[in-house]
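Secondary and tertiary structure notes
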Amino acid sequence: MSEKRIITLIQPMQGSPSSYENRVLGLSIGIADSTETLDNNPPYAHDEFIFIIEGAVEVKNSKTGFSESIGAGRSFVIPHGYDYQWHQQGYLRKLYVRFVVPKTAEKLNTENVIYIDENSDISWKETSDGHRKKILYRNSNQGFTAGVWQGKAFTTGMIEFPYHELILINSGSLICTDETGEEHYFNRGDALFIPQGTPCSWEVKSKVSIHYVQIT
């Protein structure tokens, strides 16, 4: 799929889950369901953002033995180069953004997953348009960035979206209008994906907080 349109990934009353794939870029996004799983993974060849919709998983560092139990409602990144085991008992449903990292990219030395959490110790940074964000993960070639963004009421005109971006709404709501004039409403717990170059405009009537992944 390569068309430039607003793609709804999680939303009440939605039919079959949507997905997106760009094989040239090495990018895939969607909803995955799985049952009991035990995987021993080699050092990871991707950067992957995961939001657990239902179920839980234990992620264990293969070298140190450090283990993390992650349940529904949490967002995190498994970084490129992480040597880990995925222990899952029972059913799990997740939203994922998987990005193939170029072989020449430097692998990060990490001992745990990176949580996308507004309460992290990372400081907020003011943006040029008066909002704020936390960059919680960025890979070595800066092609994959994940974090938290918070904004107050604003509107934009129609723009061509400057990068590929997943948006997961943690609180508040937003309205995205496509080039046909159709308004798409998103609230807490909803997720959408905007391919780079998609014509759209944005409106927030109060406040909104999102978890985001940007791919350039």
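As a starting point, this report considers the structure included with it. Within any chain, residue numbers begin from 1 and follow the written order of that chain's sequence. pLDDT decides what is reported in this predicted model: residues at 70 or higher carry local features, side-chain atom pairs at 80 or more are listed and counted, and totals for whole chains, interfaces and linings draw on all residues regardless. Side-chain descriptors were evaluated using all non-hydrogen atoms of the structure, hydrogens and water having been removed beforehand.

With respect to the sheet that holds strand E10 (residues 92-100)
Across a sheet, strands are paired by hydrogen bonds formed along the backbone, either parallel or antiparallel in direction. So the rule is basically this: A pair of strands counts as paired when DSSP detects no fewer than two bridges linking them. Helix and strand assignments come from DSSP, with helices taken as H or I runs of at least 4 residues and strands as E runs of at least 2, each series counted from the N terminus.
Pairing is antiparallel in the open sheet, where six strands are placed in the order E2-E3-E10-E5-E8-E11. Unpaired on one side and paired on the other, strand E2 (20-22) and strand E11 (114-115) mark the two borders of the sheet. When E2 meets strand E3 (residues 27-34), the two strands line up antiparallel, connected through three bridges. Across the sheet, Tyr-20 pairs through a bridge with Ile-29, a residue of E3.

Considering the nonpolar core
Using the following cut-off: Definition used in this section: a nonpolar core is a set of buried Ala, Val, Leu, Ile, Met, Phe, Trp, Tyr and Cys residues joined via side-chain atoms within 4.5 Å. For every residue, the accessible area (1.4 Å probe, protein chains only) is compared with the maximum for its type, and the residue is labelled buried under 20%, exposed over 50%, or partly exposed between those bounds. Here, residues are in contact when the closest pair of their heavy atoms is within 4.5 Å.
Counting 26 residues, the largest nonpolar core has Leu-9, Phe-49, Val-97 and Phe-144 as its most contacted members. In contact with Val-97, not counting residues within four places along its chain, are Leu-27, Ser-28, Ile-29, Asp-47, Glu-48, Phe-49, Phe-144, Leu-166, Val-213 and Ile-215. With 16 residues, the next largest nonpolar core counts Ile-167, Cys-176, Ile-194 and Val-204 among its residues.

Structural notes on the sheet that holds strand E4 (residues 37-40)
The line we're drawing: To get an axis, a line is fitted to the C-alpha atoms, and for a helix only the part in contact is used. The angle between two axes follows their N-to-C directions and goes from 0 to 180 degrees.
Taken in spatial order, the four strands line up as E4-E9-E6-E7 in an open sheet, and their pairing is antiparallel. For this open sheet the edge positions go to E4 and strand E7 (67-71), each flanked by a neighbour on one side alone. The mean angle between the axes of side-by-side strands here comes to 15°, regardless of whether they run parallel or antiparallel. Across four bridges, the pairing between strand E6 (residues 56-61) and strand E9 (residues 84-88) is antiparallel. The residue of E9 that forms the bridge with Val-59 is Trp-86.

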